[in-house]
Amino acid sequence: MSDNTLRVGLVGYGFMGRTHANAYAQVGHFFDLERRPVVTAVCARNAERAREFADRWGIETIVPDWQSLVARDDIDLIDIASPNDTHHDIAIAAAEAGKMVLCEKPLGRNAAESREMVDAVEKAGVANMVWYNYRRVPAVTLARNLIDEGRLGRIFHYRAKFLQDWTISSDLPQGGEGLWRLDVGVAGSGVTGDLLAHCIDTALWLNGPIDSVSGMTETFIRERQHNITGKVEPVGIDDASAFLARFGNGSLATFEATRYARGHKALYTLEINGEHASIFWDLHDLHRLQYFDHRDEGTTRGWRSVHITDGDHPYMDKWWVPGLQIGYEHTFIHQVADFLAGVESGTPAAPTFRDALATDLVTDAVLKSATSRQWENAG
Ligand code: SOE
């Protein structure tokens, strides 16, 4: 391998393993990089599935466990795309071995785990980042640029929701591959850590810190067959979660996530209302940003639907020609490109582990508030 190769050891070959493997494979084709990432080894418990994954993505080596991966001298970066209960131990071991560490969201199953992970990467001085990919949708990045330019003015309201419907059936089991998100021991929480975490990460990035929250959660189906134990077991995750929040900048917010919104598959929407202008974005129409500016000329003033495909839109100069869209998978490619640029420049790309800890502090506060029925501090 050439000297400029950044050798990645990937843990996990599920949905997220695929998005990451694709990002490493594609990034050098579209972005100028000093170091080109190559997934040189993948680690997975199921040898047959790992072989299939490695063959598909051209990965040379398969190792049986993450400990062997972390111990290898020929790996520069450990990428954790495995279930949430594995993040903590792998990240800390990787940092102690001096590897760069990338980790799927949420960082830990709770803020206590995340804090230890932050300490480990900061003590080791290794580059780190968490895969909150929606920041890198060009329309969302443009929203951030517009806010930074002061186009919205003072912000009054932030509103976000993430709606799905894939767990409504009571016959759906919990646990094991694909369904570990329903097993609280593995996932840490339900939609709060899985879906609201995305909304919170974007919100902290666009609108600054959240001071306090008042939350409510519900578990609609209280028992499910467990794929690993074979028994019917209590469900410990939250199926739906909603909260009110007060941001440090004085704005008020509402957040909602559920896996029980029949008809919605991944409807992540956000809206921000400022003194001069408002922004609305929808993951199902991710290449558009809706923008209203009160300062526009009166008779034609109205919501604009901006098609984010021009060369002067964030990231779009790297892709096709104006008018042609990109999609979900590109957000991961952008994230790798930004991470590598951060390593090259010495200014780390966000969200770092420390940034992602802030999200876990908010999700912990939401879950605490749902139990205490009190407002809770989120910092
Ligand atoms: C859950 O269904 C899920 O796959 C999340 O785990 C991802 O983070 C989200 O981007 C899409 O939905």
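Small disclaimer: the values here were computed from a predicted structure and weren't measured.

Time to look at the overall build of the chain. When its secondary structure is counted, the chain shows 10 helices and 17 strands. Its C-alpha atoms give the chain a radius of gyration of 21 Å, within 12% of the compact-globule value 21 Å for 379 residues. Going through the 379 residues of the chain one by one, you find that 49% of them count as buried. Contacts spanning at least 24 positions in sequence make up 69% of the contacts within the chain whose residues lie at least 6 apart.

For the rest of this paragraph, the subject is the domain arrangement of the chain. When the domains of the chain are assigned, the result is domain 1 (5–133) and domain 2 (134–377). A straight line from the C-alpha centre of domain 1 to that of domain 2 covers 23 Å. In this complex, domain 1 contributes 37 residues to the contact, which on the side of domain 2 involves 39 residues. Broken down by secondary-structure element, the contributors of at least two residues to the side of domain 1 that touches domain 2 are helix H1 (15–30), helix H4 (84–96), helix H5 (111–124) and strand E6 (128–130). With eight residues, H1 is the largest single contributor of residues to the side of domain 1 that touches domain 2. Counted by class, the side of domain 1 that touches domain 2 contains 20 nonpolar, 11 polar and six charged residues.

With that out of the way, let us pick up the sheet that holds strand E1 (residues 5–11). The six strands lie next to each other as E3-E2-E1-E4-E5-E6, forming an open sheet whose pairing is parallel. Where the open sheet ends on each side, the last strands, each with one partner, are strand E3 (61–63) and E6. Between one strand and the next, the sheet's axes are offset by a mean angle of 25°, whatever the strand orientation.

Structurally, glycine 311 can be placed in the loop between strand E16 (304–307) and helix H9 (328–345). For glycine 311, a count of 11 C-beta atoms within 10 Å puts it in the exposed group. Separated by 12 residues in sequence, glycine 311 and glycine 323 have C-alpha atoms that sit 9.7 Å apart. Ignoring anything within four residues of it in the chain, the contact list for glycine 311 reads Met316, Asp317 and Pro322.

Right, let's get into the nonpolar core. By size, the foremost hydrophobic cluster in this structure holds 111 residues, and its most contacted members are Val42, Ile78, Ala91, Val101, Leu196 and Cys199. When residues of this core are assigned to domains, at least three fall in each of domain 1 (5–133) and domain 2 (134–377). For valine 101, the contacting residues outside a window of four places in its chain are Ile78, Ala91, Ala94, Ala95, Val121, Val126 and Asn128. Of all hydrophobic cores here, the second largest spans five residues; its members include Leu182, Ala187, Val235 and Ile237.

If you trace the nine strands from one edge of the open sheet to the other, you get E16-E15-E14-E13-E7-E12-E11-E8-E17, paired in mixed fashion. This sheet does not close on itself; its edge strands, each paired only once, are E16 and strand E17 (376–377). With eight bridges connecting them, strand E8 (residues 210–218) and strand E11 (residues 240–247) associate as antiparallel partners. When the bridges of E11 are listed, isoleucine 210 appears paired with phenylalanine 247. Its contacts with the sheet place helix H6 (residues 138–148) against strand E14 (277–282) and strand E15 (288–293), and it is angled at close to 165° to E14.

Moving on to the site of the ligand. Close to the ligand lie Gln164, Asp194, His198 and Ala266. Residue composition of the shell around the ligand, grouped by class: one nonpolar, two polar and one charged.

Let us look at helix H8 (residues 191–207). One turn of the α-helix equals 3.6 residues, which is why residues spaced by three or four share an orientation. The axis of H8 is deflected most strongly, by about 45°, at alanine 197. Of all the 17 residues making up H8, 17 are buried; the element is thus mostly covered by neighbouring parts of the structure. A positive phi of about 85° marks glycine 208, the residue just after H8.

What counts and how
- Residues numbered from 1 in each chain as written.
- Predicted model: local features only at pLDDT ≥ 70, side-chain atom pairs only at ≥ 80, totals over all residues.
- Helix = DSSP H or I, 4+ residues; strand = E, 2+ residues; numbered from the N terminus.
- Rg over C-alpha atoms; globule rule 2.2 N^0.38 Å.
- Buried ≥ 20, exposed ≤ 12 C-beta atoms within 10 Å, placed from the backbone.
- Contact = placed C-beta atoms within 7 Å.
- Domains from an automatic or database assignment.
- Nonpolar A, V, L, I, M, F, W, Y, C, P; charged D, E, K, R; others polar.
- Pairing = 2+ DSSP bridges.
- Axes fitted to C-alpha atoms, helices over the stretch in contact; angles between N-to-C directions.
- Core = buried A, V, L, I, M, F, W, Y, C linked by C-beta atoms within 7 Å.
- Near = placed C-beta within 6 Å.
- Bend = angle between axes of the 7 residues up to and from the residue.

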